[in-house]
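Chain by chain, the residues:
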Amino acid sequence: MSQKKVRVRFAPSPTGGLHLGGVRTVLFNYLFARHHGGDFVLRIEDTDQTRFVAGAEEYIMECLRWCGLEPDESPLKGGPYGPYRQSERKALYRRYAEQLVEAGHAYYAFDTPEELEAMREVEKAKGNYAPQYNHTVRSVMRNSLSLGEAETKALLEKGAPHVIRIRMPEEEEVKFSDMIRGEVSFQASTVDDKVLLKADGMPTYHLAVVVDDYLMKITHAFRGEEWLPSAPVHILLWKYLGWEADMPQWAHLPLILKPDGNGKLSKRDGDRLGFPVYAMNWTDPKTNELTRGFRENGFLPEAFVNMLAMLGWNDGSGQEIFSMAELIEKFSIERVHKGGAKFDYEKAKWFNHQYIIQTPDDKLAALFQPVLKEKGIAADDAYVARIAGLVKERCHFINEIWDHGFFFFAKPEKYDVDAVKPKWSAEKQAFFEEWTSALEMLSDFTFTPIEESFKQLAAAKGIKPGELQLPFRIMLCGGKFGPPVFAIAETLGKGETIERIQQALAAFAGS
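Residues numbered from 1 in each chain as written. Predicted model: local features only at pLDDT ≥ 70, side-chain atom pairs only at ≥ 80, totals over all residues. Heavy atoms only, no water.

Trainee: An account of the packing of helix H1 (residues 20-35) against helix H10 (residues 301-309) is needed here, citing residue identities and associated values.
Mentor: In the contact formed by H1 and H10, the axes pass within 10 Å of each other and the chain directions differ by 85°. Put simply, H1 runs roughly perpendicular to H10. Contacts from Leu-20, Val-23, Arg-24, Leu-27 and Phe-28 in H1 reach Phe-304, Val-305, Leu-308 and Ala-309 in H10. Of the residues belonging to the contact of H1 with H10, the class tally is 8 nonpolar, no polar and 1 charged. (Axes fitted to C-alpha atoms, helices over the stretch in contact; angles between N-to-C directions. Helix = DSSP H or I, 4+ residues; strand = E, 2+ residues; numbered from the N terminus. Parallel < 35°, antiparallel > 145°, perpendicular 65-115°, else oblique. Contact = heavy atoms within 4.5 Å. Nonpolar A, V, L, I, M, F, W, Y, C, P; charged D, E, K, R; others polar.)

Written as structure tokens, this is what we have:
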């Protein structure tokens, strides 16, 4: 580690929903910054206005808030190196692009879309089915390298549309050290002359990311491995602009793969296999298409973050459940895997289950109240917390509190009579009729006194308690499900329990 204060950044484009791979990039940046006492910066890379989607920036910020990964500097918070939207930094970039042209490391290109397409067709006719604007074709295209100084100057003076391209060297090996992958090298001649400044004066990602990282004093740049092919362009730009000594340390994170390990996980895979890949619900403003997110599917943010941390990283101990404080303490970029991490939705559900189990009942109740509100049910917080505590061991999601405890909110409308009928008798009917009177007399209507009363009367009647517990459960719940039956009775309360027994006895007698 250098002596500079650690500064990392997440720099998304506001083009749509935030993929869980993007959130994991945020997380690794955040953990690294917090581990080293550094700064985490959110920078919005909105230079490509053709791909800008209204609402996407706000969505990204809300995702980070939900995950508890708040940046130290951002378009909302501001900071000493703003502005933090690239579109608001437009005036900065041209002078660096011009500096590269003057030094001979970049050039003006005046090619029209038609000329570019003609070049591609010529190259394809030669058998080059992936044509690029590179050192082999630039000499025959309309640019400042082929046109000469006078013609170039004339075109610029009359305002001819143009871009600025980097001049990739023909024979040079570009090397850098990656914190995850070690020594990485590329032949520069295999990379095309990327556009650095577009005709509208906006920079492309390649120029903007280098200029902004330099001006914002970014010390470590973590991004997905899909950016590895662009690394030689960025390394050379740091060198050509004279900033090589300030270049951040690189770490290219492994991909999150489909469950079968065959390729990068996409939204389409989630749609096909029935699970979310976005952090939160995203509605495309153009198509109005809704893509569900982990938050709306019932994931706790702590579980989502913990699950993401384990996709491509571990601390070597075998531990899987980590608080945020533990993740910050133990995170090391050197322990991030080189290979892709398969996404396993069942494992993601397991993480959520673990967190639901350890979440205080009152907090679960608060999270579950919106589900009840949607169903038009008003219930006391303490009552809902009691129910959450009884059923949470069975839940993978918050909304499953309803699936495992719906009967706490309304009397059964029907009963699994078929489960009772074969062994139902007049003696059992009489037991429950008499027991309701005994329950009326109970001053302490809690689990143990209810159970003792039940067993004492069963013994007096010569009936095995086990033969009575199933009918009792069905009286309270409607079926063969739910937590311990005496806990259900305690939660429902004396009056409701007696009413349900009486209502069920009438239903059993009439069946």
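Trainee: I'd like to hear about unusual backbone geometry, residue by residue, with values.
Mentor: The step from Gly-82 to Pro-83 runs through a cis peptide bond, and the omega angle for that step is 0°. Along the polypeptide, Pro-83 turns up in the loop between helix H2 (56-67) and helix H3 (90-102). Phi angles above zero are rare outside glycine, and Lys-217 is one such case at about 60°. One non-glycine residue with positive phi stands out, namely Asn-288, at about 65°. Summarising the element assignment, Asn-288 is placed in the loop between strand E11 (282-283) and strand E12 (290-291).

Trainee: Would you mind going over the nonpolar core in detail, with residue names and values included?
Mentor: Among the nonpolar cores identified, the biggest contains 60 residues, and Leu-20, Phe-294, Phe-304, Met-307, Ile-333 and Phe-343 are the most heavily contacted of them. At the level of elements, strand E1 (7-10), H1, strand E2 (39-42), H2, strand E9 (249-253), H10 and helix H12 (345-358) are the ones that each hand at least two residues to this core. It is H1 that provides the largest number of residues to this core, a total of 9 residues. When neighbours within four sequence positions are excluded, Leu-20 is seen to be in contact with Ile-256, Leu-265, Val-277, Phe-294, Phe-304, Leu-308, Leu-311 and Phe-343. Counting 54 residues, the second-largest nonpolar core is a separate cluster that includes Ile-398, Tyr-415, Ile-463 and Leu-505. (Core = buried A, V, L, I, M, F, W, Y, C linked by side-chain atoms within 4.5 Å. Buried < 20%, exposed > 50% of the residue type's maximum accessible area, 1.4 Å probe, protein only.)

Trainee: Run through the packing of helix H13 (residues 361-374) against helix H14 (residues 381-391), naming residues and quoting values.
Mentor: At a minimum axis separation of 8 Å, H13 and H14 run at an interaxial angle of 105°. Overall, the two elements H13 and H14 adopt an arrangement that is roughly perpendicular. Two secondary-structure elements touch here, H13 through Asp-361, Asp-362, Leu-364, Ala-365, Phe-368, Gln-369 and Leu-372 and H14 through Asp-381, Val-384, Ala-385, Ala-388 and Gly-389. Taken together, the residues of the contact of H13 with H14 break down into 7 nonpolar, 2 polar and 3 charged.

Trainee: Mind laying out the environment of Leu-155, listing which residues take part and the relevant values?
Mentor: Counting through the fold element by element, Leu-155 comes out in helix H6 (residues 149-157). C-alpha of Leu-155 to C-alpha of Ala-487: the two residues are 332 residues apart in sequence and 85 Å apart in space. Each residue touching Leu-155, except ones within four places of it in the same chain, is listed here: Phe-110, Arg-142, Leu-147 and Ala-160.

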